[in-house]
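Architecture and fold: a report
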Amino acid sequence: MKNPISDKVLKEAAEKGMDAFLQVFIDNYKEVTNGVVNADTMAMLNAWQLTLLGYDILREEINEGGFVQLIQNGYGPFFFRNPFAKAVKQMGCKVLADIVYDAARIYTTHQDDLERERTDEEFMAMYEQYEEFDSLEESFMEQQEEITATLAQYVDEHIDDFVAR
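So, a few notes on the structure that sits alongside this text. These numbers were taken from a predicted model, which means no experiment stands behind them.

What about the overall build of the protein chain?
- Secondary structure assignment for the protein chain yields 9 helices and 0 strands.
- When the helices and strands of the protein chain are listed from N to C terminus, the series reads α-α-α-α-α-α-α-α-α.
- Intrachain contacts of the protein chain at a sequence separation of at least 6 include 69% that bridge at least 24 residues.
- If you sum the accessible surface of the protein chain, you get close to 8,800 Å²; carbon and sulfur atoms cover 47% of it.
- Between the averaged position of the 14 positive side-chain charges in the protein chain and that of its 33 negative side-chain charges there is a distance of 7 Å.

Looking at the side chain of threonine 51
- Position of threonine 51 relative to the elements: it lies in helix H4 (residues 47–72).
- Setting aside residues up to four positions removed in sequence, threonine 51 forms contacts with Phe84, Ala87, Val88 and Met91.

Re the layout of surface pockets
- Considering only enclosed or pocket space, the largest pocket measures out at about 200 Å³ in volume.
- Going through the elements one at a time, H4 and helix H6 (84–90) are the ones with two or more residues in the lining of the largest pocket.
- Partitioned by chemical class, the residues of the lining of the largest pocket number 8 nonpolar, 3 polar and 1 charged.

Definitions and limits used
- Residues numbered from 1 in each chain as written.
- Predicted model: local features only at pLDDT ≥ 70, side-chain atom pairs only at ≥ 80, totals over all residues.
- Heavy atoms only, no water.
- Helix = DSSP H or I, 4+ residues; strand = E, 2+ residues; numbered from the N terminus.
- Contact = heavy atoms within 4.5 Å.
- Areas by Shrake-Rupley, 256 points an atom, 1.4 Å probe, with all protein chains shown as cover.
- Lys, Arg positive; Asp, Glu negative; His and termini not counted.
- Charge placed at Lys NZ, Arg CZ, Asp CG, Glu CD.
- 1 Å grid on protein atoms, 1.4 Å probe; cavity = no way out; pocket = protein on both sides within 12 Å on 5 of 7 lines; lining within 4 Å.
- Points joined across faces, edges and corners; volume = space filled by probe spheres on them.
- Nonpolar A, V, L, I, M, F, W, Y, C, P; charged D, E, K, R; others polar.

Following this line, the structure appears as structure tokens:
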């Protein structure tokens, strides 16, 4: 990666908390990829960096509109057809891996319908049609602080995997 993060910036962010610490990495990845996640830009990051960037996308999508929005925004294959869940599990975040694996089962069963283009009205109706995502979203939100802390600890302990020096 071409934009290394300085030790000073990391130290200052760590003093502000785990969210700020992770955000330094995420912002760096967004800068490197110009905020675009596709096959070309994914090649600019290693698997661990993609996982952390993926966590940011997942967190944002779930907090704004849940798994339905995440899938409608085109992220289904990124989370459910790639080893994202396996990677976060390797980072010690089994709870997040379980949520993603459970969501993947729903996604796989209904992929064609979940990914089809819809009007705004049809999109809003999906929340009632796919209520099975609700408990997963609630679980994520309830455990988000713990998930973030677990990922931040892993990043801190394996910093060379997440930043170019």
